[in-house]
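Observations on the three-dimensional arrangement
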Amino acid sequence: MNTGFRKKKQYGQNFLTNSAIPRRIAQESGITKEDGVIEIGPGFGILTRELCAAAKKVVSVEIDGELTGILNEKLADAGNFKLINADILELDIKKLISEEFDGMEVCVCANLPYYITSEIVMKLLEGGYGFRSITVMVQKEVAERFTSLPGSKNFGAVTAAISYYAKVKKLFTVKAGSFDPKPKVDSAVIRFDVYKKPPVEVNDEKTLFAVIRAAFSQRRKTLANSLYSGFAEKYSKEEIAGILLACGVDPNARPEVLGIEQFAGIANSF
Ligand code: SAM
């Protein structure tokens, strides 16, 4: 089986070999027979098959055109599957949703290519596509970073930004030996339950993300110093310290101890 196909390292092609894992991913994704699903990187379709069984309709987006024939043949009997040969980072997802999932709630489910995990996750969250959930397999270390809470050393700018869009939960870990070829590290499946409405109100989202970026730009510096580096054109160091104090935040604190409520408070004062 799969003879003639050469796995492409540049596309992060580590294929699952044990069908118990995709079954569990589909189960724990919470996808139902009413839902539409976008899958990223179906590969040979081991997860796709489980998603087709769980959902009303599945649209899989695969960059590797060499897999098109194999996938269409393997899933011909599913009856609710469509393949799009494209790069997910280039694809117009709004258009895809309006053309393919009329009236359905849409979820994303994927064993992600690891070389672009963060780009894909941020595109899915920032795009405002109205997904109910995004269930993805990522490297274990990335899962730990994405699911970390304020106060932990793993909490960073991406995690803070994610917490504006979704609640993230680690579902289970998967050993490196469950893939072919075997990657260097273990993996984990995480689920983002996307907020219908953000948990905090901000006057301007751009300012919120600029504050988060500046706060984490120099992790060894205090919050006041990092924010000053990012906003020196607008505020003096003393003014920044004053804003932080008025928000109930210690100017000497480190950024990783702040939650999204505090970042929102600072952004609204800026
Ligand atoms: N779902 C399969 C599985 O679990 O065995 C394959 C997962 S493999 C980790 C990642 C898949 O994403 C590969 O099939 C790869 O070709 C595809 N891929 C890589 N970059 C992509 C991109 N930018 N857009 C869409 N698919 C991509």
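In what follows, the accompanying structure is described. Here the structure is a predicted model, which is why all the values come from computation and not from measurement.

For the coordinates displayed, the defined rule picks out 15 salt bridges. Between Asp180 and Lys7 there is a salt bridge, with the nearest N and O atoms lying 3.3 Å from each other. Pair noted here: Asp180 is in strand 8 (residues 179-180) and Lys7 is in the segment before strand 1 (15-16), with a separation of 173 residues, a long-range link. For Lys7, a relative accessible area of 40% translates into the label partly exposed. For Arg132, the salt bridge identified is with Asp35, shortest N-O distance 2.7 Å. Residue Arg132 is located in the loop between helix 5 (117-126) and strand 6 (133-139), and its partner Asp35 is located in the loop between helix 1 (20-28) and strand 2 (36-40); the two are separated by 97 residues in the primary sequence. Overall, the relative accessible area of 2% leaves Asp35 in the buried class. If you follow the salt bridges from partner to partner, you end up with Asp35, Glu105, Arg132 and Lys196 in one network.

Attention now moves to the site of the ligand. In the region of the ligand, 22 residues are neighbours, and Leu16, Gly41, Glu62, Asn111 and Tyr115 sit closest. Side-chain polar atom of Gln13 to an oxygen atom of the ligand: 2.9 Å apart, as the coordinates give it. Within the side chain of Asn111, a nitrogen or oxygen atom sits 2.8 Å from an oxygen atom of the ligand. For the ligand, the protein covers 99% of the area, taking 600 Å² as the surface of the free molecule.

Parameters at a glance
Residues numbered from 1 in each chain as written. Predicted model: local features only at pLDDT ≥ 70, side-chain atom pairs only at ≥ 80, totals over all residues. Heavy atoms only, no water. Salt bridge = Lys/Arg side-chain N within 4 Å of Asp/Glu carboxyl O. Helix = DSSP H or I, 4+ residues; strand = E, 2+ residues; numbered from the N terminus. Buried < 20%, exposed > 50% of the residue type's maximum accessible area, 1.4 Å probe, protein only. Near = heavy atom within 4 Å. Polar contact = N/O pair within 3.5 Å; in protein donor to acceptor, adjacent residues only side chain to side chain. Areas by Shrake-Rupley, 256 points an atom, 1.4 Å probe, with all protein chains shown as cover.

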